[in-house]
Amino acid sequence: MVAPRRAKPPRHLADLSTTGRREWLSELGHPAFRADQLSRHYFERLVDNPDDMTDLPAADRESLTKTALPQLLTPVRTLTCDNGTTVKNVVRLFDGAMVESVLMRYPGRTTMCVSSQAGCGMNCPFCATGQAGLTRNMSTAEIVEQVVTGARMLASGEVAGGAGRVSNVVFMGMGEPLANYRAVIDAVRRLTEAPPSGLGISARSVTVSTVGLVPAMDRLAGEGIPVTLAVSLHAPDDELRNTLVPLNTRYPIDEVLRSAWAYADVTGRRVSIEYALIRDINDQPWRAHLLGSMLKNRSVHVNVIPLNPTPGSVWTAATPESERTFVRRLEDHGVPVTVRDTRGREIDGACGQLAAVSTEEGARE
Ligand code: SAH
């Protein structure tokens, strides 16, 4: 049974602030401190089995957890690669919408790449998520639960490398996070608040990536949460960017960069510029030179991403030589550059490849 799309996801403890949780539990006729106990189980102990919540009255455990900690994500499949250090989780939401998240374990850090929307409305032609359009915004708790799922997998030792924790979160899964602003900001708060209120991940280790929704970028600068802002630029000139990132026709490059530099000023955080390098499209040395001259002397870091293949696209990654030349040209301007690895390619878990089919039927294909 698929519920109507307009119905909202069930309310969950992680949707609410600490105060909101207490009020909610009181309204339901429970002592307010039950909210704190449940928060500790969810955010701090990462427990999901009511039997393990022994500080709750035995008679209420089941119903309390069903109400306050409803299961929001139903696992559909789990795929791993890189010797078990990259794990893609495909999950179904309450209304049948499907989303994906990817856990990437590196020496010294583990990053969860999460989705903020089922699908995406930005329509970038090189990104698989954009091709199917937007299904809906995710709720705060649906976003947070992806990280909690990863945290549980790490804590239980089922990810290669032994027991561990999530150190970084990147909003680089499905969706445009700044087009689901309220839910994403609240999710960032849940991720960064100290336990038991939240997961206690450092704001500096959280990256919000955007195609350049300028009003929302400006608003983000005023939130007082120093997350890393990543801007998916992909071209230094409006003519090309209009075709690669259609939103550019509304917010052109100079406005996007103005907002990005203001963000860096206000937060003291270096902005990341994402640049998916596409053969014969945006990889020319003159474009590297132009980009370098625009970013020179700014508080910035460029991530060059070799284009990952997506179904139906004729585009491919730049050749290794043109990638090297592109990087060198940027470095000539003194701009720091990293070439991102292509983790998760074999399981369609790399940048731009997340495109969970929207029915369970399709997922079993
Ligand atoms: N909508 C946001 C969040 C998605 S982040 C944004 O666009 O920033 C995903 C990152 O992967 C973005 O930088 C996106 O441009 C990039 N990407 C999309 N498709 C890609 C592909 N096929 N190969 C490499 N990178 C891709």
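Quick caveat: nothing in here was measured; it's all calculated off a predicted structure.

Conventions adopted
- Residues numbered from 1 in each chain as written.
- Predicted model: local features only at pLDDT ≥ 70, side-chain atom pairs only at ≥ 80, totals over all residues.
- Heavy atoms only, no water.
- pLDDT = per-residue confidence, 0-100.
- Contact = heavy atoms within 4.5 Å.
- Near = heavy atom within 4 Å.
- Polar contact = N/O pair within 3.5 Å; in protein donor to acceptor, adjacent residues only side chain to side chain.
- Areas by Shrake-Rupley, 256 points an atom, 1.4 Å probe, with all protein chains shown as cover.
- 1 Å grid on protein atoms, 1.4 Å probe; cavity = no way out; pocket = protein on both sides within 12 Å on 5 of 7 lines; lining within 4 Å.
- Sits in = over half its atoms within 2 Å of the grid points.
- Helix = DSSP H or I, 4+ residues; strand = E, 2+ residues; numbered from the N terminus.
- Nonpolar A, V, L, I, M, F, W, Y, C, P; charged D, E, K, R; others polar.
- Axes fitted to C-alpha atoms, helices over the stretch in contact; angles between N-to-C directions.
- Parallel < 35°, antiparallel > 145°, perpendicular 65-115°, else oblique.
- Left-handed = near helix turned anticlockwise from the far one by under 90°.

In the predicted model, the protein carries a mean pLDDT of 94, and the fraction of residues at 70 or more is 96%. Between residues 358-365, whose pLDDT stays under 50, and residues either more than four places distant or in other chains, the model counts 9 contacts.

With that settled, the discussion passes to the site of the ligand. The environment of the ligand is formed by 21 residues, the closest being Phe126, Ser209, Ser232, His234 and Asn308. Residue Gly175 places a main-chain N or O atom 3.1 Å away from a nitrogen atom belonging to the ligand. With respect to the ligand, the side chain of Ser209 contributes an N or O atom lying 2.7 Å from an oxygen atom. Relative to its unbound accessible surface of 530 Å², the ligand loses 95% to contact with the protein. In a pocket analysis with a 2 Å cut-off to the grid points, the ligand is assigned to the largest cavity. Mapped by element, the contributors of at least two residues to the shell around the ligand are strand S8 (206-210) and strand S10 (271-277). Per-class residue counts for the shell around the ligand are 10 nonpolar, 9 polar and 2 charged.

Our next topic: the packing of helix H6 (residues 181-192) against helix H7 (residues 214-221). Relative orientation of the contacting elements H6 and H7 amounts to 30°, with a least axis distance of 12 Å. If you check the angle between H6 and H7, you find them roughly parallel. Crossing handedness for the pair H6 and H7: right-handed. For the pair formed by H6 and H7, the contact residues are Tyr181, Arg182 and Ile185 on the first element and Ala216, Arg219 and Leu220 on the second.

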